[in-house]
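# Report on the structure
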Amino acid sequence: ALVRAVGEAYLRQRGAVLAEGAARLLGEDLSRQSAELRELEREIAAAKLRFEVTDLAQDIALAANRLDGLLLRENALREQRAAAEAQLAAGRQALAAMPERVFAGSDAATAGPNDEIRNTLARLLQEREHLQRHYAPGDPLLRDLEGRIAIARQTLAQSGFATRREVRNPAWDQLNARVAQLQIEAESLGRQLEEVRRLRAEAEQRRATLLSAETVLRDLTRRRDALEGILRTFTTREAGVRLEEDARRSGGAAVQVVQPATAPLSGESRAPLFAAAGLSGGLT
C-alpha cells in the first residue's frame, strides 16, 4: 500500500509538471481576440447602417460628382437669371419710352356737320344777283347784302374740321409681351436657383457625413486588420505549441509504467532457482 501510494503521488506530480499551460493560455487569448473581432465587425456594420453607407469609396465619389454637377448647374442658372434680369430691365425702360398708340392718318374737310351755312350763302348770292339787276351799285341794300355774304363766307371758312386717326402700336404690344415673358423667365430661374441651392446644401451635408464616416470606418477597419493579424499569429502559435506539447507527452516521457508497483498477495521464493544454478555450476 505504501509503494502504491508513493507511485500514484509520483505519477500525479509528474503529470502536473509535464502538463504545460502554454496551449491553454494561447487558446484563451485566441477566444478573447475572436470575440473582440466579432464585436468590432458588429460596430463596423452599425456604423455603415448609421451613415447609410454601402461602398464608402463609391459613395464618396458619387457625392463629389453630384456636388460638382450642382455647382455647375447653380452657376449656369445664376448667369441665365442675370441675363434675364438685364433684358427685363432694358425691356421695361424701352417700354416706358415707347408710345402705346401711334399716328395712322388724318383727314381734313371744309364741310361742317350740316350744309345750313352753305345753303344760306347760296341764297344770299342769288339775292345779290337779283338786286344787282334792279338796284344801283351803291345802294344800301346791296351793301347790307354784301356784308351778310362776307359773314357767311367767313363762317363757312371757319366751320371746317379735321380727323386724326391713331392705332395701337404693334411694337409696343410685342415689347410688352417680351417683357412679360422675361419676367416669368426670371421668376422661374429664381425658383430653380433656390432649389439647386437647397440640393447643393444637402449634397455638402452628405459629403461631410461621408467624410466623418470615412474617419470612423478607417479607424474601425485599422483595428480590425490589426486584430486579424494578431488572431492569425495566435492561431499559428497555438497550433504549434499544441503539437509540441502532444509530441512531448507522447514521445518524451522518461518513465513508462507497464505494471503498477504493487506487492503480490502470495510470496514467491527463488531459492530453488538459485539451488539449481549452484548445482549446475558445481557440476560444471
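Scroll up to find the structure this text is about.
Below is a summary of the structure that appears in this document. Small disclaimer: the values here were computed from a predicted structure and weren't measured.

Now for the overall build of the protein. Along the backbone of the protein there are seven helices and two strands. Counting from the amino terminus, helix and strand elements in the protein follow one another as α-α-α-β-α-α-β-α-α. By residue count, 19% of the 284 residues in the protein fall in the buried class. Considering only intrachain contacts with a sequence separation of at least 6, the fraction spanning at least 24 residues in the protein is 89%. Carbon and sulfur atoms make up 56% of the accessible area of the protein, which amounts to about 20500 Å² in all.

Of note in this structure, Glu-52 is not a glycine but carries a positive phi near 55°. The topology assignment puts Glu-52 in the loop between helix H2 (22-51) and helix H3 (56-97). Judged by relative accessible area, which is 62%, Glu-52 ranks as exposed.

Here we take up helix H4 (residues 116-134). Helix length check: H4, at 19 residues, gives a terminal C-alpha distance of 27 Å against a target of 27 Å (1.5 Å per residue), a fit within 8%. The complete set of buried residues in H4 reads Leu-121, Leu-124, Arg-128 and Leu-131. Angularly, the buried residues of H4 cover 90° about the axis, an arc narrow enough to put them on a single face. Seen from the open side of H4, the exposed residues pointing more than 90 degrees away from its buried face are Gln-126, Arg-133 and His-134.

With that settled, consider the environment of Leu-37. Within the element layout of this structure, Leu-37 appears in helix H2. Here the alpha-carbon distance between Leu-37 and Asp-225, two residues 188 residues apart in the chain, equals 9.3 Å. Excluding residues within four positions of it along the chain, Leu-37 makes contact with Arg-224, Leu-227, Glu-228 and Leu-231.

Turning to the nonpolar core, a few remarks are in order. Ranked by size, the top nonpolar core spans 16 residues in total, and within it Val-53 and Leu-56 carry the most contacts. Ranked by the residues each element gives to this core, the list is headed by helix H6 (residues 170-251), at seven residues. Setting aside anything within four residues of it in sequence, one finds Val-53 in contact with Lys-48, Asp-59, Leu-210 and Ala-213.

If you walk through the whole model with that rule in mind, you get eleven salt bridges. A salt bridge links Arg-197 to Glu-74; its shortest N-O distance comes to 3.4 Å. Residue Arg-197 is located in helix H6, and its partner Glu-74 is located in helix H3; the two are separated by 123 residues in the primary sequence. Given the relative accessible area of 35%, Arg-197 is considered partly exposed. You can call Glu-74 buried: its relative accessible area is 4%.

Thresholds, definitions, all that
Residues numbered from 1 in each chain as written. Predicted model: local features only at pLDDT ≥ 70, side-chain atom pairs only at ≥ 80, totals over all residues. Heavy atoms only, no water. Helix = DSSP H or I, 4+ residues; strand = E, 2+ residues; numbered from the N terminus. Buried < 20%, exposed > 50% of the residue type's maximum accessible area, 1.4 Å probe, protein only. Contact = heavy atoms within 4.5 Å. Areas by Shrake-Rupley, 256 points an atom, 1.4 Å probe, with all protein chains shown as cover. Expected span 1.5 Å × (residues − 1). Arc of directions from axis to C-beta. Core = buried A, V, L, I, M, F, W, Y, C linked by side-chain atoms within 4.5 Å. Salt bridge = Lys/Arg side-chain N within 4 Å of Asp/Glu carboxyl O.

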